[in-house]
Amino acid sequence: MFVYSQTTSIYRNPAMLPHMRPKPSPDCFLLLVFLVLTLWCQLHHEVAQAATFEVSIISNSDDAEEESGGSLSTGNSKIELGKKLWGGFRFQNVTMPQGATITSAYVRFRAEGSNSNDTDLTVFGHDVDSAVTFSSSNKISTRTRTSASVSWQNVENWSSGSYYQSPELKTVVQEIVDRSGWASGNSMAILIRSDNSGGERLAWARDGDSSSDAVIHIEFATAPTEYFVRTDGSNSNSGTGADTSQAWQTIDYAVSNSAVDPGDIIYVMTGTYNELVTPARSGTSSQPIQLIADTDGSIFGGTGGAVTIQAPADQHAVDFGGDNYWEITGFVLSGVAGNDTLDVDNS
């Protein structure tokens, strides 16, 4: 019997992984390959998926300024922050899931003019699921504001043509994406109030220069989605629960399912799976997809045990084609003499 044991990471990355095909000894009738592949993640430890999002103003009516008397303008070449009572900036198609953890957020402006007078501002968000564009019937001042706000006092001097960013706005953005009605792709509005009528910072509006308008920058993290496989499950289930009524039945169905994204985790219950597993999804270098055998029973319950992929006759147990960045932990791969149980195509 030939036993292959490894305690390192295997990336199915064509640029960095050599052709890999473990061979059995001539006298072997059964090949057991114990894969214990670990990376920086501990078993059953969820690692948040980090992402960065940026988008600029894409409609002329999505940046506006409002006078103290309520007069709203969306057609100016610049937004006079501080001089006008309100400045508003609406960003469309903000793609992040509801409840994402916001780790950083700010709005970046390009100065239309040079200003050095004292300017004090307060920044809010529009507390709504998806903000509409600015108009005489949807002014800045009349919008429901987030309870979170950020004081922007003693704004630094601005020099024409240079870029400047707001203070940290993660609490404001977090309040919006935490709304039950928030959905990825909704619109988000940032509202800036003047606290000093003598102040002034001139920011380019889209009407004045569409290449210099405001940009929102958001960094966020989401928890990976967990999927589950057990021998008494069903491939018609959602795969999102550990019980029989929710778990999938076959590993191959799980690793090929279009719902599985980079960073996600697939847990497999103890038992023997008689199938050829051919992953058809890909992770990334920073977010590999994890396929984890529940050998200790901590996920599905019970005492745990071996999780075996039994290769069909004249086939492999696991066959990687063009699928990248998988992390596989704790499986026993079993096949008949003369057949490879693991095949990695590096072409």
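A few points on the structure. All values derive from a computational prediction rather than experimental measurement.

Conventions used here
- Residues numbered from 1 in each chain as written.
- Predicted model: local features only at pLDDT ≥ 70, side-chain atom pairs only at ≥ 80, totals over all residues.
- Heavy atoms only, no water.
- Buried < 20%, exposed > 50% of the residue type's maximum accessible area, 1.4 Å probe, protein only.
- Helix = DSSP H or I, 4+ residues; strand = E, 2+ residues; numbered from the N terminus.
- Pairing = 2+ DSSP bridges.
- Axes fitted to C-alpha atoms, helices over the stretch in contact; angles between N-to-C directions.
- Contact = heavy atoms within 4.5 Å.
- Phe/Tyr/Trp six-rings, centres within 6.5 Å; stacked < 30°, edge-to-face > 60°.
- Lys NZ or Arg CZ within 6 Å of the ring centre and 35° of its normal.
- Salt bridge = Lys/Arg side-chain N within 4 Å of Asp/Glu carboxyl O.

1. Topic: the pairing of strand S4 (residues 63-66)
Alright, step 1. The alternating pattern of S4 places Asp 63 and Glu 65 on one face and Ala 64 and Glu 66 on the opposite face, and all of these are buried.
Alright, step 2. Pairing geometry for S4 and strand S7 (residues 86-94), over four bridges, is antiparallel. Across the sheet, residue Glu 66 finds its bridge partner in S7, namely Trp 86.
Alright, step 3. Connecting S4 to the next strand, strand S5 (residues 72-73), in antiparallel fashion are five residues, including Gly 70 with a positive phi near 100°.

2. A closer look at the sheet that holds strand S3 (residues 49-56)
Alright, step 1. With respect to topology, four strands assemble into an open sheet ordered S3-S14-S8-S11, the strand pairing being antiparallel. Edge strands, defined here as strands with exactly one partner in the open sheet, are S3 and strand S11 (163-165). Geometrically, the sheet is characterised by an average inter-axis angle of 20° between neighbouring strands, direction not taken into account.
Alright, step 2. The pairing of strand S8 (residues 101-110) with strand S14 (residues 215-222) spans seven bridges and is antiparallel. The partner of Thr 101 across the bridge, within S14, is Ala 221.
Alright, step 3. Strands S8 and S14 of the sheet are contacted by helix H1 (residues 170-177), whose axis makes an angle of about 115° with S8.

3. Some thoughts on the packing of aromatic side chains
Alright, step 1. The final tally for this structure, using the stated rule, is nine aromatic pairs.
Alright, step 2. With a centroid separation of 5.5 Å and an interplanar angle of 75°, the aromatic rings of Trp 248 and Tyr 253 are classed as edge-to-face.
Alright, step 3. Residue classification places Trp 248 among the buried residues on the basis of a relative accessible area of 2%.
Alright, step 4. Judged by its relative accessible area of 33%, Tyr 253 is partly exposed.
Alright, step 5. Each residue in the set Phe 89, Phe 109, Trp 152, Trp 158 and Tyr 164 is aromatic and connected to the rest through ring pairs, giving one cluster.
Alright, step 6. Over the aromatic face of Phe 124 sits the side chain of Arg 145, whose NZ or CZ is 5.2 Å from the ring centroid.

4. Things to note about unusual backbone geometry
Alright, step 1. The backbone of Asn 93 shows a phi angle near 50°, a positive value even though the residue is not glycine.
Alright, step 2. Checked against the element boundaries, Asn 93 lands in strand S7.
Alright, step 3. Under the relative-accessibility criterion, Asn 93 is labelled partly exposed at 46%.
Alright, step 4. The backbone of Asn 154 sits at a positive phi, close to 50°, despite the residue not being glycine.
Alright, step 5. Secondary-structure assignment places Asn 154 in the loop between strand S10 (150-152) and S11.

5. Observations concerning the pattern of salt bridges
Alright, step 1. Evaluation of the coordinates by the stated rule reveals 13 salt bridges.
Alright, step 2. Between Asp 195 and Arg 193 there is a salt bridge; the shortest N-O distance is 3.1 Å.
Alright, step 3. According to the relative accessible area criterion, Arg 193 is partly exposed, its value standing at 27%.
Alright, step 4. With a closest N to O distance of 2.6 Å, Arg 230 and Asp 232 form a salt bridge.
Alright, step 5. On the accessibility criterion, Arg 230 (11% relative accessible area) is buried.

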